[in-house]
Amino acid sequence: MSSTADKAAAPDRFWSVDEHLDDILGKIRPLEPIELQLLDAQGCVLVEDVTVPADLPGFDNSSMDGYAVRTTDVEGASEEFPAVLTVIGDVAAGSGELPTVGHGEAARIMTGAPLPPGAEAVVPVEWTDGGTGGGPAAGMAARSAAPDGASGEVRIHRPATARAHVRAAGSDVAAGALALRTGTVLGPPQIGLLAAIGRATVRVRPRPRVVIMSTGSELVAPGESLGPGLIHDSNSYVLTACARDAGAIAYRVGAVADDADTLRSTLEDQLVRADAVVTSGGVSVGAYDVVKETLSELAGEEGSVDFRKLAMQPGKPQGFGRVGPDRTPLLALPGNPVSAYVSFELFVRPAIRALMGLEPHDRETVRAVCAEAVVSSPEGRRQFLRARYADGKVTTVGGPGSHLVKALAEANALIVVPEETTAVEAGAEVDVILLG
């Protein structure tokens, strides 16, 4: 295998997909950890083991609305022969001072409330008359509407075993136990656990800030009228959505015209808020491919971007380098929508995950039966075909054209045709990258 330096010195040579990705990942380092408030840490990667400081829950509590009782007092209880107990008060969630339940007594208790002294079990309110003297109760009357419900008598219609409907202290997680491991991506359940054990902040690698720029004087923002020869800018939207899906904080920049000075100044303005920059368009060999023209001129301490031809379809022209005083990674993708999307999945998504300190490859590759023949694939290039995958079978969607956006929207997978394969028979097994 040729070295990166050899490849850079021979611009007419083709890079393989793997060589280009290895070069990108070899030059990207995870972002430095920072301490963040819990909600700001959502989607970030934890860089510390978090242990539990105290039992969760911290006390025995009721899992039902009902009555806290001694088990001997309700032994053998039935609707025909209910156990009649004296109600000595209420125990609500958050209660501090608790009544002591003696023989022949019960306390109304709410879900989450601490089990009072003397009580051994909780009888659900549906197993009682609710203090009404009638049949089985459907629920408790609101305290504000019936304060007398905390006194008087209650008839219990069923027995209860010890600890019935009681959540034990530490039954969720015990003090000193490992709550979350380093490397965990913090989603809503993990944020909830951190809050439950009392953590207000957490140490994480932040989500990378990724600036998305599309280039081309023909591009018009969605919602604006199209003049002759103009098209709506879709790349910046799909790539911004891709970056968010990968875990980044994405900033979409409006389309930049085919002017080197405008591109250079826009890029300089955006670098202040970027951990990575992704451009689309202007990387081929045309007279107006200003991304290649502009970024190829960057050198020295400000970094440089190398432009390459890859042995793949779609997505042959690619650029990668580091720019600006912080040597921010920049990935330059082709302008055709399908080429840009496939290139993002293969190169940018792994780069974003690497910045987060995660394993770069998270898209699953499976073997599947190709339902129809692929009659032609260019020799020496790895082809990625849009496809629909289901139940072990895969079917191509649309043609090979790299401008077919509707077919891309219908696809949920990419068929991978290796470099040495020029055709695939119907019924043959192929590698399939699952997209989400």
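The coordinates are above.
## A look at the sheet that holds strand β13 (residues 201-205)
Consideration 1: On the basis of which strands lie adjacent, the open sheet formed by three strands has the order β2-β13-β3 and antiparallel pairing. A single partner strand is all that each edge strand has here, and the edge strands are β2 (34-37) and β3 (45-46).
Consideration 2: Of the strand pairs in this sheet, β3 and β13 are connected by two bridges, and their pairing is antiparallel. Its bridge partner lying in β13, valine 45 is registered against arginine 205.

## Here we look at the packing of helix α4 (residues 235-246) against helix α7 (residues 337-355)
Consideration 1: Packing of α4 against α7 leaves a shortest axis separation of 10 Å and a crossing angle of 25 degrees. Taken together, α4 and α7 sit at an angle that is classed as roughly parallel. Taken as a pair, α4 and α7 cross one another with a handedness that is right-handed. Residues Asn235, Val238, Leu239, Cys242, Ala243, Asp245 and Ala246 of α4 form the contact with α7, whose participating residues are Pro337, Ala340, Tyr341, Phe344, Arg349, Ile352 and Arg353.
Consideration 2: Here the residues of the contact of α4 with α7 sort into 10 nonpolar, one polar and three charged.

## Side note on the packing of helix α2 (residues 17-26) against α7
Consideration 1: Following both chains from N to C, one finds α2 and α7 inclined at 25 degrees, their axes separated by 10 Å at the closest point. Comparing their axes, α7 and α2 come out roughly parallel. The hand of the α2/α7 crossing is right-handed. In this structure, α2 contributes Val17, His20, Leu21, Ile24 and Leu25 to the contact, and α7 contributes Leu346, Phe347, Pro350, Ala351 and Ala354.

## Comments concerning the side chain of arginine 353
Consideration 1: Its place among the elements puts arginine 353 in helix α7.
Consideration 2: According to the relative accessible area criterion, arginine 353 is buried, its value standing at 15%.
Consideration 3: If we skip the residues at most four places from it in the chain, arginine 353 touches Ala246, Leu358, Glu359, Pro360, His361 and Asp362.

## Description of unusual backbone geometry
Consideration 1: Backbone torsion omega between leucine 56 and proline 57 reads -5 degrees, so that peptide bond is classified as cis.
Consideration 2: Tracing the sequence through the fold places proline 57 in the loop between β4 (50-51) and β5 (61-62).
Consideration 3: Cis geometry marks the peptide bond from glutamine 313 to proline 314; its omega dihedral reads -5 degrees.
Consideration 4: With respect to the secondary-structure elements, proline 314 resides in the loop between β20 (312-313) and β21 (317-323).
Consideration 5: The phi angle at arginine 163 is positive, at roughly 75 degrees, despite the residue not being glycine.
Consideration 6: Tracing the backbone through its elements, the reader meets arginine 163 in the loop between β10 (153-156) and β11 (166-167).
Consideration 7: Residue arginine 163 is classed as partly exposed on the basis of its relative accessible area, which comes to 39%.
Consideration 8: Not every positive phi belongs to a glycine, and aspartate 391 is a case in point at roughly 55 degrees.
Consideration 9: Its location among the elements puts aspartate 391 in the loop between β24 (382-390) and β25 (393-396).

## Examining the pattern of salt bridges
Two side chains carrying opposite charge are able to pair once their charged atoms lie near each other.
Consideration 1: Within this structure, the stated rule accounts for 20 salt bridges.
Consideration 2: Arginine 209 is paired through a salt bridge with aspartate 275; the nearest N and O atoms lie 3.1 Å apart. Of this pair, arginine 209 sits in strand β14 (residues 209-215) while aspartate 275 sits in the loop between α5 (260-270) and β18 (276-280); the two residues are 66 residues apart in sequence, bridging distant segments of the chain.
Consideration 3: Residue aspartate 275 is classed as buried on the basis of its relative accessible area of 17%.
Consideration 4: Here aspartate 261 and arginine 264 are joined by a salt bridge, their closest N and O atoms 3.1 Å apart. With aspartate 261 and arginine 264 both in helix α5 and three residues apart, this pair spans about one turn of that helix.
Consideration 5: Under the relative-accessibility criterion, aspartate 261 is labelled exposed at 55%.
Consideration 6: On the accessibility criterion, arginine 264 (24% relative accessible area) is partly exposed.
Consideration 7: Via salt bridges that share partners, Asp245, Glu345, Arg349, Arg353, Asp362 and Arg363 belong to a single interconnected network.

Scoring rules and cut-offs
- Residues numbered from 1 in each chain as written.
- Predicted model: local features only at pLDDT ≥ 70, side-chain atom pairs only at ≥ 80, totals over all residues.
- Heavy atoms only, no water.
- Pairing = 2+ DSSP bridges.
- Helix = DSSP H or I, 4+ residues; strand = E, 2+ residues; numbered from the N terminus.
- Axes fitted to C-alpha atoms, helices over the stretch in contact; angles between N-to-C directions.
- Parallel < 35°, antiparallel > 145°, perpendicular 65-115°, else oblique.
- Left-handed = near helix turned anticlockwise from the far one by under 90°.
- Contact = heavy atoms within 4.5 Å.
- Nonpolar A, V, L, I, M, F, W, Y, C, P; charged D, E, K, R; others polar.
- Buried < 20%, exposed > 50% of the residue type's maximum accessible area, 1.4 Å probe, protein only.
- Salt bridge = Lys/Arg side-chain N within 4 Å of Asp/Glu carboxyl O.

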